[in-house]
Amino acid sequence: MSAQTIEVATLSELDARIHWYQAEGFGLRWYQPPLAMLVRAKRLSAGWLIFWLLVGWILIWIPLFIYLILFAVAKDELVTIRISEQPLPMELAVVHGKSEDAAA
């Protein structure tokens, strides 16, 4: 809360200032000459609320659309693994002199 103190010279000036601040949206909280206290409560501005909601709504969709576009143009990765030689059955490998120890 910001506080401001204004000094005036007469009671009529005090009343004139009170009326001016009331016209600006302040409420008279306390009045006992030579002092008056006026307060304007914070308000939610509907215009700014709508503006920032729209900005937020637009900005939240931009990254989503970028991601979806990148996802759509991305290619699937394909990995093919094959054995370079046809393996021999176990019985034939022993007969031809190949063993599991030699392969490792």
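Our subject is the structure that appears above.
Everything in this summary refers to the structure shown in the same document.

Conventions and cut-offs
Residues numbered from 1 in each chain as written. Predicted model: local features only at pLDDT ≥ 70, side-chain atom pairs only at ≥ 80, totals over all residues. Heavy atoms only, no water. Helix = DSSP H or I, 4+ residues; strand = E, 2+ residues; numbered from the N terminus. Buried < 20%, exposed > 50% of the residue type's maximum accessible area, 1.4 Å probe, protein only. Contact = heavy atoms within 4.5 Å. Areas by Shrake-Rupley, 256 points an atom, 1.4 Å probe, with all protein chains shown as cover. Pairing = 2+ DSSP bridges. Phe/Tyr/Trp six-rings, centres within 6.5 Å; stacked < 30°, edge-to-face > 60°. Expected span 1.5 Å × (residues − 1). Arc of directions from axis to C-beta.

To continue, consider the overall build of the protein chain. The helix and strand tally for the protein chain stands at four helices and two strands. When the helices and strands of the protein chain are read in sequence order from the N terminus, they spell out α-β-β-α-α-α. Looking at the protein chain as a whole, 5% of its 104 residues qualify as buried. The contacts in the protein chain between residues at least 6 apart in sequence include a share of 3% that link residues at least 24 apart. Counting every atom, the protein chain has about 10300 Å² of accessible surface; 64% of that belongs to carbon and sulfur.

Attention now moves to the environment of I6. Tracing the backbone shows I6 in the segment before α1 (11-23). I6 has contacts with R17 and Y21, leaving out every residue within four places of it along the chain.

Judged from the five bridges that link them, strand β1 (residues 27-32) and strand β2 (residues 35-39) form a sheet pairing that is antiparallel. Within β2, the residue paired with Q32 across the bridge is L35. Following β1, the chain reverses through two residues before pairing antiparallel with β2.

Here the focus is unusual backbone geometry. Residues P33 and P34 are joined by a peptide bond in cis, for which omega reads 15°. Within the element layout of this structure, P34 appears in the loop between β1 and β2.

Time to look at the packing of aromatic side chains. With the rule as written, the count across this model stands at seven aromatic pairs. Clustering of aromatic rings is evident, with ring pairs tying together W20, Y21 and F26.

Another aspect to go through is α1. Compared with an ideal rise of 1.5 Å per residue, which puts 13 residues at 18 Å, α1 spans 18 Å between its outermost C-alpha atoms and is within 8% of the ideal. Among all positions of α1, only L14, I18 and Y21 are buried. Projected down its long axis, α1 carries its buried residues within an arc of 70°, all on one side. Seen from the buried face of α1, the exposed residues on the opposite side, beyond 90 degrees, are S12, H19 and A23. Its buried side turned inward, α1 meets β1 and β2. Directly beyond the C-terminal end of α1, a positive phi value near 105° is found at G25.

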